[in-house]
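Residue strings, one per chain:
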Amino acid sequence: MREFTNNDKMNMILEPRQHNHHVFTPASNTLNGTLVATDRQKHRKMPTKYRLLYFNARGRAELARLIFAAADVDYEDFRFEKEEWPAIKPTLHFGQVPILEVDGKQINQTYAIARFIATEHGLSGRNRIEAAQVDALVDTLEDMMKPIQIIYSEENNEKRVSLIKSRQTQYMPSTLLSPPELYQTYPRMSATRYLQKNIFQLMGYLVGDDLTWADLSYINCCSWLCLFVPNALDKYPKLRALKDKIEGLPRIAKWLANRPQTDY
């Protein structure tokens with residue numbers, strides 16, 4: 001088996017490979033997949049160069065990809081296979097992915113990356129209050145999904161099957177999917193209570209009158225939830241409507257239709 005030198009490891013990060021990286025660019029001004037600058041663009045400041053590194057999976061990088069898609073921003077979606085991870089891991093901050101490279105500088109942690117991209121491109125709310133509300137909703141969604149995320153880190157198939165069964169029969173019904181008629185008796189039973197009650201109350205998005213990364217985090221969470229319970233949102237028509245609305249936005253719909261197909 002080949003031993004990787006430090007230079008090999010860094011090259012795996014710094015040199016794109018044709019077979020497993022994707023560069024997503026706006027539809028205009030392209031030639032053979034490469035941005036072609038107009039005369040006016042040549043005199044502008046060079047655009048920020050983004051490079052997102054993660055396994056060949058949706059996983060914890062998909063939220064960043066959704067934000068990039070919503071913002072219509074050019075970036076390199078650099079993917080690697082599980083077998084390559086031992087050589088890549090030592091070259092990264094804290095030995096974790098996803099990693100976002102911004103003009104060569106690394107940012108780690110899923111939500112730090114997502115918040116940075118959203119803030120840079122106007123998807124974090126119109127003011128500081130809305131930005132805080134977005135953060136709070138994203139944190140709430142993350143809390144809801146933690147017991148489900150454990151399933152994907154379990155490599156033992158027997159234990160994984162057991163976890164899936166327990167989540168389907170215990171955690172999801174009592175925490176995420178409790179029937180709306182129980183709200184009066186057990187007002188804190190379901191984490192969906194607030195969302196179902198307040199969605200579309202004013203402007204039709206989770207926060208304010210326009211799309212934010214909280215909406216994108218929401219549809220990302222829904223995609224995981226519905227893997228285990230396909231009819232999870234049937235009792236929540238407003239939540240279903242929001243999911244359909246966000247996924248139907250042209251840029252999001254295009255990404256969902258064209259993104260690399262992976263198991264998770």
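Residues numbered from 1 in each chain as written. Predicted model: local features only at pLDDT ≥ 70, side-chain atom pairs only at ≥ 80, totals over all residues. Heavy atoms only, no water.

## Things to note about the overall build of the protein
Stated formally: By definition, any uninterrupted DSSP run of H or I lasting at least four residues is a helix, any uninterrupted run of E lasting at least two residues is a strand, and each is numbered from the N terminus. Pairs of residues are marked as contacts when any of their non-hydrogen atoms sit within 4.5 Å.
Check the secondary structure of the protein and you find 11 helices and 7 strands. Relative to all contacts within the protein whose residues are 6 or more apart in sequence, the contacts with residues 24 or more apart total 68%.

## Details of the pattern of salt bridges
As a reminder of what qualifies: For this document, the term salt bridge refers to a Lys or Arg side-chain nitrogen within 4 Å of an Asp or Glu carboxyl oxygen. Buried means the residue's accessible area, taken with a 1.4 Å probe over protein chains only, is under 20% of the maximum for its type, while exposed means over 50%, and partly exposed covers the values in between.
Applying the stated criterion to the full structure yields 12 salt bridges. Here Glu62 makes a salt bridge to Arg65, at a shortest N to O gap of 3.0 Å. With Glu62 and Arg65 both in helix α3 (residues 62-71) and 3 residues apart, this pair spans about one turn of that helix. Like Arg65, Glu62 is buried. Close ionic contact of Arg259 with Glu62 constitutes a salt bridge, the shortest N to O distance being 2.8 Å. Of the two residues, Arg259 sits in the segment after α11 (250-258) while Glu62 sits in helix α3, which places them 197 residues apart along the sequence. Judged on exposure class, the residue Arg259 and its partner Glu62 are both buried.

## A few points about the confidence of the model for the protein
The criterion, for reference: As a per-residue quantity, pLDDT reports the predictor's confidence and falls between 0 and 100.
In the predicted model, the protein carries a mean pLDDT of 76, and the fraction of residues at 70 or more is 61%. Averaged pLDDT values over the elements of the protein bottom out at 38 in strand β2 (residues 30-31) and peak at 98 in α3. Counting interchain partners and residues more than four positions distant, the pLDDT-below-50 stretch residues 12-19 has 24 contacts. Confidence drops under pLDDT 50 across residues 173-189; counting only partners more than four residues distant or on other chains, this segment forms 38 contacts.

## Some details on helix α5 (residues 110-120)
Condition: It is the directions from the helix axis to the C-beta atoms whose arc is reported.
Taken together, the buried positions of α5 are occupied by Thr110, Tyr111, Ile113, Ala114, Ile117 and Ala118. Take α5 and look down its axis: the buried residues cluster within an arc of 155°, on one side only. Of the residues flanking the end of α5, it is Gly122, one or two places downstream, whose phi is positive at about 70°.

## Quick word on the environment of Gln261
Quick reminder of the rule: Any pair of nitrogen or oxygen atoms within 3.5 Å is treated as a polar contact; in protein, a donor-acceptor pairing is required on top of that, and neighbouring residues in sequence qualify only through side-chain atoms on both sides.
Tracing the sequence through the fold places Gln261 in the segment after α11. Its relative accessible area of 68% is what places Gln261 among the exposed residues. Remark: the alpha-carbon pair of Gln261 and Arg58, spanning 203 residues in sequence, is separated by 8.8 Å. At a separation of 3.1 Å, a polar atom in the side chain of Gln261 contacts the main-chain carbonyl oxygen of Arg259.

## Brief notes about the state of the cysteines
As a reminder of what qualifies: Disulfide: a pair of cysteine sulfur atoms within 2.5 Å of each other.
Applying the stated rule across the entire model yields 0 disulfides. In this model Cys221 remains outside any disulfide bridge; the closest cysteine sulfur is found in Cys222, 7.2 Å from its own.

## Overview of the packing of α3 against α11
We count it as follows: The axes are straight lines fitted to the C-alpha atoms, using for helices just the contacting stretch, and the angles between their N-to-C directions are given from 0 to 180°. In what follows, roughly perpendicular refers to angles from 65 to 115 degrees, roughly parallel to angles under 35, roughly antiparallel to angles over 145, and oblique to any angle outside these ranges. Rotating anticlockwise by less than a right angle from the far helix to the near helix defines a left-handed crossing, while the corresponding clockwise rotation defines a right-handed one. Gly is placed with the polar residues, together with every amino acid not listed as nonpolar (Ala, Val, Leu, Ile, Met, Phe, Trp, Tyr, Cys and Pro) or charged (Asp, Glu, Lys and Arg).
For the pair α3 and α11, interaxial distance at closest approach is 8 Å and the crossing angle is 135°. By the angle class used here, α3 and α11 are oblique. In the crossing of α3 with α11, the sense of the turn from one axis to the other is right-handed. Taken together, the residues of α11 that come into contact with α3 (itself represented by Glu62, Arg65, Leu66, Ala69, Ala70 and Ala71) are Arg251, Ile252, Trp255 and Leu256. Its residues assigned to classes, the contact of α3 with α11 shows 7 nonpolar, no polar and 3 charged.

## Section: helix α10 (residues 237-247)
Leu239, Leu242, Lys243 and Ile246 are the residues of α10 that are buried. Buried residues of α10 fall within an arc of 100° about the axis and therefore sit on the same side.

## Examining the packing of α3 against α5
Between α3 and α5, the shortest axis-to-axis distance is 9 Å and the interhelical angle comes to 5°. Accordingly, the angle class assigned to the pair α3 and α5 is roughly parallel. For the pair formed by α3 and α5, the contact residues are Leu63, Ala64, Ile67 and Phe68 on the first element and Tyr111, Ile113, Ala114, Ile117 and Ala118 on the second. A class-by-class count of the residues in the contact of α3 with α5 yields 9 nonpolar, no polar and no charged.

## Some words on the pairing of strand β4 (residues 50-55)
Here is the rule we go by: The criterion for strand pairing is that DSSP finds at least two bridges linking the strands in question. Looking down the strands as they point away from the viewer, one classifies a crossover as right-handed if the path from the first strand across the helix to the second runs clockwise.
The element β4 is extensively covered by neighbouring structure, given that 5 of its 6 residues are classed as buried. As defined by bridge partners, β4 adjoins strand β6 (residues 99-102) across 4 bridges and the pair is classed as antiparallel. By the bridge assignment, Leu52 is partnered in β6 with Leu100. With 5 bridges joining them, β4 and strand β5 (residues 75-80) adopt parallel strand pairing. Bridged to Tyr54 within β5 is Arg79. With respect to chirality, the unit in which β4 leads through α3 into the neighbouring parallel β5 is right-handed.

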